[in-house]
Amino acid sequence: EAQVTQNPRYLITVTGKKLTVTCSQNMNHEYMSWYRQDPGLGLRQIYYSMNVEVTDKGDVPEGYKVSRKEKRNFPLILESPSPNQTSLYFCASSSYSGTSYNSPLHFGNGTRLTVT
Amino acid sequence: GQNIDQPTEMTATEGAIVQINCTYQTSGFNGLFWYQQHAGEAPTFLSYNVLDGLEEKGRFSSFLSRSKGYSYLLLKELQMKDSASYLCAVRPQRGGYNKLIFGAGTRLAVHP
């Protein structure tokens, strides 16, 4: 089954304790992205990757890191989490071929992170 | 700046028709997406419009007017399972493939 898998689904942590949220897709998609979703706000992009070893900042990258060493995996790293990073996080992927603007995003099931 | 507006909440009755509007102001336009998101779950793709007019997919249809910066999602024969948030997202011309701007979503409640 084609899917984007995120882990964990729920995570409660304390300020300053490094954590990683994993994301893996089995559709051989070139493009992957991380979003956070907060009440009253739309999905906001954190980081994205157009292909292996190619990553760039989205709209709200502060406090986050990513890596893309393999095509299927795109982990999100919080080196020193703070309470304002409490949010619902989604990983997404899509195929990309230069002008395929109609390719929809496929989302993972989300990770609800609470930082106390 | 770039902006997408949708109503925050709507209610409708099972079996009825509901129209969810989306207006946008972006730097150019490379298409508009609608996604459905049930509470606490992942958004799922519903439709894509890049040309003016109506696209029909079963009970769901999506309309686009580029000159007005306007789209709507039409849901017919509403079912209880249609209770969800509906997200409008626009791909502006500036920013290339990556850029996709999401509205805050419209939460639809379907009542018996």
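Definitions and limits used
Residues numbered from 1 in each chain as written. Chains lettered and ligands numbered in written order. Predicted model: local features only at pLDDT ≥ 70, side-chain atom pairs only at ≥ 80, totals over all residues. Heavy atoms only, no water. Helix = DSSP H or I, 4+ residues; strand = E, 2+ residues; numbered from the N terminus. Contact = heavy atoms within 4.5 Å. Pairing = 2+ DSSP bridges. Buried < 20%, exposed > 50% of the residue type's maximum accessible area, 1.4 Å probe, protein only. Disulfide = S-S within 2.5 Å. Axes fitted to C-alpha atoms, helices over the stretch in contact; angles between N-to-C directions.

How would you explain the environment of Pro43 of chain B if you had to name every residue and give the values?
Looking at the element boundaries, Pro43 of chain B is found in the loop between strand S4 (32–37) and strand S5 (44–49). Each C-alpha atom of the pair Pro43 of chain B and Leu54 of chain B lies 22 Å from the other, and the pair is 11 residues apart in sequence. Those residues within four positions of Pro43 of chain B in sequence are excluded, and the remaining contacts are Leu43, Phe90 and Phe107 of chain A together with Tyr35, Gln36, Gln37 and Leu87 of chain B.

Outline the sheet that holds strand S7 (residues 65–66) of chain A, supporting the account with residue identities and numerical values.
Residue and element names in this part refer to chain A. What the 4 strands build is an open sheet, ordered S1-S3-S8-S7; its pairing is antiparallel. At either margin of the open sheet sits one strand with a lone partner, and together these are strand S1 (4–7) and S7. For S7 and strand S8 (residues 76–78), the ladder comprises 2 bridges, and the chain directions are antiparallel. By the bridge assignment, Val66 is partnered in S8 with Leu76.

Requested: an account of the environment of Phe29 of chain B, with residues and values cited.
Residues and elements named next belong to chain B. Within the element layout of this structure, Phe29 appears in the loop between strand S3 (18–25) and S4. Separated by 17 residues in sequence, Phe29 and Leu46 place their C-alpha atoms 19 Å apart. When neighbours within four sequence positions are excluded, Phe29 is seen to be in contact with Tyr24, Asn49, Val50, Leu64, Arg66, Val90, Arg91, Pro92 and Gln93.

Residues and numbers for the side chain of Thr106 of chain B, please.
Counting through the fold element by element, Thr106 of chain B comes out in strand S11 (residues 106–111). In this structure Thr106 of chain B touches Gln6, Pro7, Thr8, Glu9, Met10, Ile20, Ala84, Ser85 and Tyr86 of chain B, once residues within four positions along its chain are discounted.

Kindly report on the side chain of Ser61 of chain B, identifying the contributing residues and their values.
Residue and element names in this part refer to chain B. Along the chain, the position of Ser61 falls in strand S7 (residues 60–65). According to the relative accessible area criterion, Ser61 is buried, its value standing at 1%. Discounting residues that sit within four places of it in the chain, Ser61 has contacts with Leu54, Glu55, Glu56, Tyr72, Leu73, Leu74 and Lys76.

So what's going on with the state of the cysteines? Residues and values would help.
Residue and element names in this part refer to chain A. Here the structure, examined in full by the defined rule, presents 2 disulfides over all chains. One disulfide in the model links Cys23 with Cys91; its S-S distance is 1.9 Å. Here Cys23 and Cys91 share a disulfide; its torsion about the S-S bond, -70°, makes the bridge left-handed. Here Cys23 is found in strand S3 (residues 19–25), whereas its partner Cys91 is found in strand S9 (residues 87–94), with 68 residues between them in sequence.

Could you give me a rundown of the sheet that holds strand S8 (residues 70–75) of chain B, with the residues and numbers involved?
Strands in a sheet are paired, the pairing made by backbone hydrogen bonds, and the direction either parallel or antiparallel. All names here are of chain B. The 5 strands lie next to each other as S1-S3-S8-S7-S6, forming an open sheet whose pairing is antiparallel. Looking at the sheet topology across the chains shown, the edges are occupied by strand S1 (3–5) and strand S6 (53–57). The sheet shows a mean angle of 15° between the axes of neighbouring strands, direction not considered. When S6 meets S7, the two strands line up antiparallel, connected through 5 bridges. Across the sheet, Glu55 pairs through a bridge with Ser62, a residue of S7.

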